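The lines below spell out each chain.
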Amino acid sequence: MAGGKSSKGRPDNPAAAEAQCPFSKKAAEFDAFAGPYQADPAEALRWSREQLPVFYSPKLGYWVVSRYDDIKAVFRDNILFSPRNALEKITPATPEAMEVLKGYGYAMNRTMVNEDEPVHMERRRALMDHFLPDNLEARQEMVRRLTREKIDAFIDSGRVDLVDAMLYEVPLNVALHFLGVPEDDIAVLKNFSVAHSVNTWGKPTDEQQVAIAHDVGQFWNYAGKIIEKMRKEPDGTGWMHETIRKNAEMPDVVPDSYVHSMMMAIIVAAHETTSLASAGMFKTLLTHRQAWQDICEDPSLIPNAVEECLRYSGSIVAWRRQATAATSIGGVEIPEGAKLLIVQASGNQDERHFEDGDKFDIYRDNAVDHLTFGYGSHQCMGKNIARMEMRIFLEEMTRRLPHLQLAEQEFTYLSNTSFRGPDHVWVEWDPVKNPERATSSIANGNHHFPVGAPARRDIARKIRVKNVRREADGILGLTIEDAKGRSLPGWSAGAHIEVCLEGFDRKYSLCGRADGTDYDIAVLLEEDGRGGSRRIHEVAAEGLELRLRGPSNLFRLDEQASSYVLIAGGIGITPILAMADRLKALGRDYTIHYCGRSRGSMAFLDRLQADHPGRLAIYAGDEGARADLAAIVAGLHDGGQIYACGPQRMISQLEDLTASHPAGTLHFEHFSAQETALDPSKENAFQVELKDSGLTLDVAADVTLLDALLASGIDIACDCREGLCGSCEVEVLEGEIDHRDVVLTRTERAENRRMMSCCSRSVKGGKVKLA
Ligand code: FES
């Protein structure tokens, strides 16, 4: 399909899950401390993502949440889903262990991670400054210096355990430096960190509990001593010094108990997760050799490769929440007080959000949507420090040791519910082939990546046109292949790609066979368009090299409906064709209604007639045929769904006709957005209050709400930036909205509960309150 795209509809019907009991046999067998989950948490919960996305685990005493959208929803609502149990011992302490801890005066209290509102946001705001990207930028040099020192020490050895040689100590040194904590006792901190992790998220035996309690007690005392030492340096630098000063300035917001507990928790949080994520990153990349090779050849791929590693093999596997009221998640009823294990590692491979989700792909353009850092107001404050370190590790290693190989080894992991990364990563190389032996400047040259998440516009894979053909009047069909001859990622019906050519970025639905290694698209020449489709028509030829983003799917087929009506207008046939193929393969009940000016202008007619006989109705305008949309909607079976792609007037008519149908009946995708460009001379500035973060922002007349949110450090997804895709949606609590997107239905606009931040604004500059 040529032009921009927008989709609307419920991606997945939870009916199947609802119909099942959350206490199934598989749920009863689920063991968070054993076998499959410890070996590969995302794979272990594949069945759950597919069949039962929320289930009760009697062995754990927790409700397990496995799908991306559900996990995100839980993270977002920190009132209904309290973080209060995030640091609770998942295996209760034995009386003996409790006695030991008491002997040390252990009194772990709430920290930033597990406190409720409004206290949490008050503290977070008071202590956030050090984590802002601008304030982290100056630390890049120190991270690089420490990394280089470590690599210098082993580069001529030919074999090393990366964890022992670099990935443990550098993050710990960086963390201690960031916190302002003396670096005296690095060795002892490792034991303490492991003890804290096993104590909180592990399943120690009764005997182990006592030994661990001693380590944890000593860690508690050690943290106390560091605080005393730091209090004697009132001008000390680093985040913990700042916390201690805030403790003196505002003891109500940052009390003594908080300082001690935070010291203990942050020493672990600030480095352990980065060490584990970095170890996982090297293992993953060296296992996927092509990706490693691509990075060696093009270091600009590093920021997104790091995000993809965090998605595919991130160090934070699962987190915990507790329901403060009876509610439902993914259609499953949850009682008040229910404890939830929300498994980010599973959400990170959910096909509903990530096309071909279990495939490792450093070109994935939405890898940054991963949930490894959490989401919402409790999102990891140190995320940009971790990103910075992982990028520098990778940049230095791929430049200086591109011939690095994984050594033969058996990987081991600390058994627990929530953190994951190999204990050791043994690597080998031939030092004679070290590039810097031939060119010494290689040791010091490096890229600089700005602190923060990578920009989507920088991510694109190289592709090549394999075949060009005429599909209909003004429509070219293109088959494209990976420029290096690899398989392109898998995709699902309704998915699209973005083709980048000479500054034009245009989205096209995939319309070939979903099981192929190449992609097929159809490009309509748009006489009044912005020039992208014209340029493709001019230059498309076999062998032409292009760049491509995606695939992404914002027009997903719910495969649980009772029947389907597919409606296409003109070039809107492209996603509809893929859906028809999929429904045929599934053996489902479907009909296709295809409208166009004339048969000569309608692409894929022959293929549709051959592949979908008896299912297809063709309406060619020059033959006087018109689709009677009212009759088509009236004929929809109970539980049936409509998928439509075509011009605005067709979508509007279908919206009217389905207004009284159950939510999720109509799913649609547009060709193009309404005019969303800002004209500052006609716009009003307005203020936005953000309930979750407690911030108030000014949105100037020449700035979108999306840009104002991003500038204030709030991570918010965005794709099209023109009101088409729905990715930048925010929840509206108060204020009147001037909706300018083509995502929301009329009913949703009237409800005034959601808005697209890339284009919609407040009415007449009135204040808006968002969640
Ligand atoms: Fe796509 Fe806003 S609707 S980014």
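Residues numbered from 1 in each chain as written. Predicted model: local features only at pLDDT ≥ 70, side-chain atom pairs only at ≥ 80, totals over all residues. Heavy atoms only, no water.

## Some points on the side chain of E436
- Here E436 lies in helix α21 (residues 435-438).
- Residue contacts for E436: discarding those within four places in its chain leaves I155, R400, I442 and A443. (Helix = DSSP H or I, 4+ residues; strand = E, 2+ residues; numbered from the N terminus. Contact = heavy atoms within 4.5 Å.)

## Thoughts on the sheet that holds strand β6 (residues 319-323)
- Ordered by their spatial adjacency, 5 strands build an open sheet running β2-β3-β9-β6-β4, and the pairing between neighbours is mixed. Lying at the two open borders of the sheet, with one neighbouring strand each, are β2 (54-57) and β4 (81-82).
- Of the strand pairs in this sheet, β6 and strand β9 (residues 339-342) are connected by 4 bridges, and their pairing is antiparallel. If you follow R320 over to β9, its bridge partner there is L341.
- On the sheet, helix α6 (residues 68-76) packs against β2, β3 (62-65), β4, β6 and β9 and is oriented at approximately 125° with respect to β9. (Pairing = 2+ DSSP bridges. Axes fitted to C-alpha atoms, helices over the stretch in contact; angles between N-to-C directions.)

## A few points about the nonpolar core
- Residues F154, L162, W239, L285, L394 and M397 are the most contacted members of the largest nonpolar core, which totals 90 residues.
- Here the element with the most residues in this core is helix α16 (residues 256-287); it accounts for 14 residues.
- Ignoring sequence-local partners within four residues, the contact set of M397 consists of I151, F154, L162, M166, F282, W292, P402 and L404.
- With 51 residues, the next largest nonpolar core counts C511, I573, L583 and L608 among its residues. (Core = buried A, V, L, I, M, F, W, Y, C linked by side-chain atoms within 4.5 Å. Buried < 20%, exposed > 50% of the residue type's maximum accessible area, 1.4 Å probe, protein only.)

## Topic: the sheet that holds strand β11 (residues 426-428)
- An order of β5-β11-β10 is seen for the 3 strands of this open sheet, with the pairing classed as antiparallel. The open sheet is flanked by β5 (159-161) and β10 (405-406), the only strands paired with a single partner.
- Both β5 and β11 contribute to a ladder of 3 bridges, which runs antiparallel. Bridge pairing links V160 to V427 in β11.

## Some points on unusual backbone geometry
- A cis amide bond, omega 5°, links E117 with the succeeding residue P118.
- Mapping P118 onto the fold places it in the loop between α7 (95-103) and α8 (119-126).
- The amide bond that connects G550 to the next residue, P551, takes the cis arrangement and shows omega of 10°.
- Looking at the element boundaries, P551 is found in strand β17 (residues 545-552).
- Non-glycine residue K764 carries a positive phi angle of around 50°.
- Relative accessible area serves as the criterion here: at 75%, K764 is assigned to the exposed category.

## Notes on the packing of aromatic side chains
- Using the criterion set out here, one finds 18 aromatic pairs in the structure.
- With centroids separated by 5.8 Å and ring planes inclined at 55°, the aromatic side chains of F192 and Y222 adopt a geometry described as tilted. With F192 in helix α13 (residues 186-201) and Y222 in helix α14 (residues 206-231), the pair connects residues that are 30 residues apart, well separated along the chain.
- On the basis of relative accessibility, which here comes to 5%, the residue F192 falls in the buried class.
- According to the relative accessible area criterion, Y222 is buried, its value standing at 12%.
- Look at W319 and F419: their rings are 5.9 Å apart centre to centre, the planes differ by 70°, and that puts the pair in the edge-to-face class. In this pair, W319 is assigned in strand β6 and F419 in the loop between β10 and β11, connecting sequence segments 100 residues apart.
- The rings of F30, Y37, W47 and F55 are connected pair by pair, giving a single aromatic cluster.
- Above the plane of the ring of Y413 lies R420, whose end atom (NZ or CZ) is 3.9 Å from the centre.
- Of note, R615 hangs over the ring of Y590, and the distance from its end group to the ring centre comes to 4.5 Å. (Phe/Tyr/Trp six-rings, centres within 6.5 Å; stacked < 30°, edge-to-face > 60°. Lys NZ or Arg CZ within 6 Å of the ring centre and 35° of its normal.)

## Points about the packing of α14 against α16
- It is the contact of α14 with α16, at a shortest axis distance of 9 Å, that shows an interaxial angle of 115°. Taken together, the axis directions place α14 and α16 in an arrangement best described as roughly perpendicular. Considering how the two elements wind past one another, α14 and α16 form a crossing that is right-handed. Facing V216, F219, W220, A223, G224, I226, I227, M230 and R231 of α14, the residues of α16 in contact are D256, V259, H260, S261, M263, M264, I267 and V268.
- Residues of the contact of α14 with α16, tallied by class, amount to 12 nonpolar, 3 polar and 2 charged. (Parallel < 35°, antiparallel > 145°, perpendicular 65-115°, else oblique. Left-handed = near helix turned anticlockwise from the far one by under 90°. Nonpolar A, V, L, I, M, F, W, Y, C, P; charged D, E, K, R; others polar.)

These values are about where atoms sit, not about what they do.
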